[in-house]
Amino acid sequence: MFLIGITGGIATGKSTVSKLFLDSGIPVIDCDKIARQIVEPGKPAWHKIRQIFGENVFDKDTNELDRDELGKLIFDDIEKRKILNEITHPEIHKTIYKEVFRYFLLGHNFIVLDLPLLFETRIMLNLIHKIITVTCEEDIQLTRLMDRNNRLSESDAKKRIKAQMPLEQKCAESHFVIENSGTLQDTEEQTMKIINLLQESNHHWKIRGILLATAAVLFSGIAWILNYKYKIFSSTTNSLN
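Thresholds, definitions, all that
Residues numbered from 1 in each chain as written. Predicted model: local features only at pLDDT ≥ 70, side-chain atom pairs only at ≥ 80, totals over all residues. Heavy atoms only, no water. Phe/Tyr/Trp six-rings, centres within 6.5 Å; stacked < 30°, edge-to-face > 60°. Helix = DSSP H or I, 4+ residues; strand = E, 2+ residues; numbered from the N terminus. Buried < 20%, exposed > 50% of the residue type's maximum accessible area, 1.4 Å probe, protein only. Lys NZ or Arg CZ within 6 Å of the ring centre and 35° of its normal. Patch = residues over 30% accessible without salt bridge, like charges linked within 9 Å, V, L, I, M, F, W, Y side chains within 5 Å. Areas by Shrake-Rupley, 256 points an atom, 1.4 Å probe, with all protein chains shown as cover. Salt bridge = Lys/Arg side-chain N within 4 Å of Asp/Glu carboxyl O. Contact = heavy atoms within 4.5 Å. Lys, Arg positive; Asp, Glu negative; His and termini not counted. Charge placed at Lys NZ, Arg CZ, Asp CG, Glu CD. Core = buried A, V, L, I, M, F, W, Y, C linked by side-chain atoms within 4.5 Å. Pairing = 2+ DSSP bridges. Arc of directions from axis to C-beta. Polar contact = N/O pair within 3.5 Å; in protein donor to acceptor, adjacent residues only side chain to side chain.

> For the packing of aromatic side chains, give the residues involved together with the corresponding values.
Taken as a whole and assessed by the stated rule, the structure comprises 2 aromatic pairs. On the numbers, 5.2 Å between centres and 10° between planes, the contact of F2 with F110 is stacked. Here F110 lies in strand β3 (residues 110–114) and F2 lies in strand β1 (residues 2–8), a separation of 108 residues in the sequence. Both residues of the pair, F2 and F110, belong to the buried class. Geometry around F58 places R50 over its ring, the cationic atom sitting 4.7 Å from the centre.

Below, the structure written as structure tokens:
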């Protein structure tokens, strides 16, 4: 099994592309969804955020994290953003690894990781076989972000966009780029071409071969050690007799 990373900028349309993979029967691990799960009331990350950032970033009625209020703090302060990442990223990646292993056991040829900050963190880059960046024109990105979150002012929306790596740089480091400034049909056509290429790939057999070879070496080593210890035990027993 190999891993495909989908990334891009905030509000460029990563979720749209991920859904197209899902609709094609390909598992998708949504890291934004995981990021929300790990800060649910009572979770370790929830307690740490409350301790460091205070009660003002939580809803007084539900005790849930108010992501908009927290966003106002971290997008104005690089150090606070770094602290938040140090709290959440280990929990997020721990969950990702568990999900990847689960899908591996289920026998999938490849799975997709929806990783908004793949290039920013660079934590999983070496594990990913191919990277897809979803991009769009800057004015469209700004409009989409403000439309989906009407609590954001234009200046706040621009801060959130600028807090991420420039899209041009992400595209340059990617294997595939999906331009999502046009119609949904345009995006679907681009995505399906990539899906067809990935489904034709034999890379998953190479990965399985490497894993099987590693397992064979490991078991051979264990067998040699057990055999060696048995010979020593038998030699010692014969000497005593």
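We are not done yet, so read on.
> Account for a nonpolar patch on the surface, naming residues and giving values.
On the surface, Y97, I123 and L127 cluster together to form a nonpolar patch covering roughly 280 Å² of accessible area. Its place among the elements puts Y97 in helix α5 (residues 78–105).

> Account for unusual backbone geometry, naming residues and giving values.
Look at A11: it is not a glycine, yet its phi comes out positive at around 65°. Within the fold, A11 resides in the loop between β1 and α1 (14–23). For A11, a relative accessible area of 8% corresponds to the buried category.

> If you had to explain the side chain of H89 to someone new, which residues and values would you point to?
With respect to the helices and strands, the residue H89 is situated in helix α5. Residue H89 is classed as buried on the basis of its relative accessible area of 14%. With residues up to four places along the chain from it excluded, the contact list for H89 reads L117 and T121.

> Can you tell me about a negative patch on the surface, naming the residues and giving the values?
A cluster of acidic residues, E137, E138, D139, E168 and E179, forms a negative patch on the protein surface. Position of E179 relative to the elements: it lies in strand β5 (residues 176–179). Judged by relative accessible area, E179 falls into the partly exposed class, the value being 33%.

> Break down the nonpolar core for me, citing the residues and quoting the values.
Counting 33 residues, the largest nonpolar core has I49, I96 and L113 as the members making the most contacts within it. If you list the elements that add at least two residues to this core, you get α2 (31–37), α3 (44–53), α4 (67–74), α5, β3 and α6 (118–121). A per-element tally of this core places α5 first, with 6 residues. Sequence-distant contacts of L113, defined by excluding residues within four places in its chain, comprise L3, I4, G5, I6, I29, I96, V100 and M124. Counting residues in each nonpolar core, the second largest holds 15 residues, with F2, I26, F110 and V112 among its members.

> I'd like to hear about the pairing of β1, residue by residue, with values.
Extensive coverage of β1 is indicated by the burial of 7 of its 7 residues. Burial of β1 is two-sided: the residues F2, I4, I6 and G8 facing one way and the residues L3, G5 and T7 facing the other way are all buried. Examined bridge by bridge, β1 and β3 share 5 bridges and lie parallel to one another. Bridge assignment links L3 to a residue of β3, and that residue is I111. As judged from the 5 bridges shared by β1 and strand β4 (residues 130–135), these two strands associate in the parallel manner. By the bridge assignment, I6 is partnered in β4 with I132.

> Just give me the short version of α1, but keep the residues and values in it.
Residues K14, V17, S18, L20 and F21 constitute the buried set of α1. Mapping the buried residues of α1 onto a view down its axis gives an arc of 155°, with all of them on the same face. Exposed residues on α1 whose side chains face more than 90 degrees from its buried face are S15 and D23.

> Can you lay out the environment of Q164 for me, pointing to particular residues and giving the numbers?
Considering the arrangement of structural elements, one finds Q164 in the loop between α8 (154–162) and α9 (167–172). Sequence separation between Q164 and L117 is 47 residues, and the spatial gap between their C-alpha atoms is 7.7 Å. Discounting chain neighbours no more than four positions away, the residues touching Q164 are G8, G9, I10, L117, E120 and K170. Of the polar contacts made by the side chain of Q164, one reaches the backbone nitrogen of I10; its length is 2.9 Å.

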